[in-house]
Amino acid sequence: MARAFLIVLDSVGIGGAPDAEAFGDTGANTVGHIAEACAAGHGDNEQRSGPLSLPNLCRIGLGSAIEASTGKPAPDLTAAPAGASWGYASEISNGKDTPSGHWELTGVPVSFDWGYFPETEPCFPRDLMERLMKAADLPGWLGDRHASGTVIIEELGAEHISTGKPIFYTSADSVMQIAAHEQHFGLDRLLALCETARDLVDPLNIGRVIARPFVGEDAASFRRTANRQDYSVLPPAPTLLKRQSDRGGAVISIGKIGDIFAHDGTGREVKAPDNDAMFDLLLTETRTAGPDSLIVVNFVDFDVHFGHRRDTAGYAAALEAFDRRLPTFEALLGPDDLAVITADHGCDPTWRGTDHTRENVPVLALGGARPGGPVGHLSSFTDVGQTLARHLGIDDMPHGQPFGQAE
């Protein structure tokens, strides 16, 4: 009768990982720094003000996990957990990107090195771009550099509309991002272009090609839409999702989970435009999912709308919104359910640049089948996948140790 839930709060890191120095992220602390900013009066906007308030997440151990990860408490997040199972985990994969984090959480660490595009302008190999333009019958391309997606669309959107040339950019992640106008260029045309690009960047070991459609008629009105699509490479080994699917168990993937796992073992995929709608879907699926179900959800707004945009107040408001709805989800969990709330990396909005940060992540267990008491420091995200596999009765994964009473 077991059901398992993997809830990924995209980029909600809780302090620099043991190897953060190698990534230039020593001292990064996404949630801790947001709490400090709010306590100092720097986290106010039209949605929220004052100290960061996350009573439900702290009740299940978030504040304690931050203190254990960093060695110091975060302001206003010091409430002791009440009978909860909490801890934190460090990543062993060679990256601080979305696929690596999610794959490791589901039992498959990334031991190889991704390919990256250099911080030069242009950043993409010219022969690659010329082959792509020829294959897609395009007159040329714009951008060709490391950039913030919102900024480069604001800068080049009008020229893109007038010339028909799509906008290409990248980041510190292993990614090629392609932005184009949904009407003037066409959404289907953009997706086809990304599929072609996916094939061409495979030899470079690039993790993702991301379609970034937008609308609007000028720099003041351009905005990206919810029709983003990620084209990922296949995980290098069967993930928890694939193993659950292959043995006939139900898998329900909410949000961008299908894209992250290249639709391999992701079962029934349902999408929504934002965190609030994602939570609605989580509640619906929790009410209706039968036994032997694995429900996986990614709450992407924390990362894409607030972390990358270095919007501390917006990030704080999004955390508080999730916290307010958490009890409704908890009330739907049964005695045989195990839900783990965690993250895939950090994206500290107070940090330099606009990229992800190499951080530890919280591990907060809910449901009637949760392990008892603190689970400590997990040396790999794979411990999460192993714990959920054991709970579902799946054969042990090659990596990871189940935590708490599940061991």
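Residues numbered from 1 in each chain as written. Predicted model: local features only at pLDDT ≥ 70, side-chain atom pairs only at ≥ 80, totals over all residues. Heavy atoms only, no water.

Asks: Got a minute to help me understand the sheet that holds strand 9 (residues 250-254) in this structure?
Replies: Hydrogen bonds along the backbone pair up the strands of a sheet, which may run parallel or antiparallel. The eight strands lie next to each other as 10-9-11-1-12-13-2-14, forming an open sheet whose pairing is mixed. Only two strands of the sheet have a single neighbouring strand rather than two, namely strand 10 (268-270) and strand 14 (376-378). Along the sheet, successive strands turn relative to each other by an average axial angle of 20 degrees, direction set aside. Both strand 1 (residues 3-9) and strand 12 (residues 337-342) contribute to a ladder of six bridges, which runs parallel. Of the residues in strand 12, the one forming a bridge with phenylalanine 5 is alanine 339. Across the sheet, helix 13 (residues 382-392) is in contact with strand 1, strand 11 (293-299), strand 12, strand 13 (361-366) and strand 14; its angle to strand 1 comes to roughly 160 degrees. (Pairing = 2+ DSSP bridges. Helix = DSSP H or I, 4+ residues; strand = E, 2+ residues; numbered from the N terminus. Axes fitted to C-alpha atoms, helices over the stretch in contact; angles between N-to-C directions. Contact = heavy atoms within 4.5 Å.)

Asks: How do you make sense of the state of the cysteines when you look at a structure like this?
Replies: Note on terminology: a disulfide is the covalent bond linking the sulfur atoms of two cysteines. In this structure the tally under the stated criterion is zero disulfides. As a non-bridged cysteine, cysteine 38 has cysteine 58 as the owner of its nearest cysteine sulfur, 13 Å distant. For cysteine 194, which is in no disulfide, the shortest distance to another cysteine sulfur is to cysteine 123 and amounts to 15 Å. For cysteine 194, a relative accessible area of 0% gives the class buried. (Disulfide = S-S within 2.5 Å. Buried < 20%, exposed > 50% of the residue type's maximum accessible area, 1.4 Å probe, protein only.)

Asks: Could you clarify how one ought to interpret the packing of helix 5 (residues 126-136) against helix 7 (residues 182-201) in this entry?
Replies: Pairs of packed helices are described in terms of their axes, by the angle between the two and the distance that separates them. Helix 7 packs onto helix 5 with a crossing angle of 140 degrees between their chain directions and a minimal axis gap of 10 Å. Here helix 5 is positioned oblique relative to helix 7, judged by the angle of their axes. Crossing of helix 5 against helix 7: the hand is right-handed. Between helix 5 and helix 7, the contacting residues are Leu128, Arg131, Leu132, Ala135 and Ala136 on the first element and Leu193, Thr196, Ala197, Leu200 and Val201 on the second. For the contact of helix 5 with helix 7, the per-class residue count stands at eight nonpolar, one polar and one charged. (Parallel < 35°, antiparallel > 145°, perpendicular 65-115°, else oblique. Left-handed = near helix turned anticlockwise from the far one by under 90°. Nonpolar A, V, L, I, M, F, W, Y, C, P; charged D, E, K, R; others polar.)

Asks: Is there a simple way to think about the pattern of salt bridges in this case?
Replies: Summed over all chains, the structure comprises 24 salt bridges. A salt bridge links aspartate 173 to arginine 208; its shortest N-O distance comes to 3.8 Å. Within this pair, whereas aspartate 173 is found in the loop between strand 4 (167-170) and strand 5 (175-181), its partner arginine 208 is found in strand 6 (residues 208-215), the two being separated by 35 residues in sequence. Taking relative accessible area as the criterion, aspartate 173 reaches 8% and is therefore assigned buried. Residue classification places arginine 208 among the buried positions, given a relative accessible area of 4%. Here arginine 247 and aspartate 292 are joined by a salt bridge, their closest N and O atoms 2.6 Å apart. Residue arginine 247 is located in the loop between helix 8 (240-246) and strand 9, and its partner aspartate 292 is located in the loop between helix 10 (275-288) and strand 11; the two are separated by 45 residues in the primary sequence. Residue arginine 247 is classed as partly exposed on the basis of its relative accessible area of 38%. The class of aspartate 292 is partly exposed, set by a relative accessible area of 26%. Ionic contacts of the salt-bridge type, sharing partners, join the residues Asp173, Arg208, Arg228 and Asp230 into one network. (Salt bridge = Lys/Arg side-chain N within 4 Å of Asp/Glu carboxyl O.)

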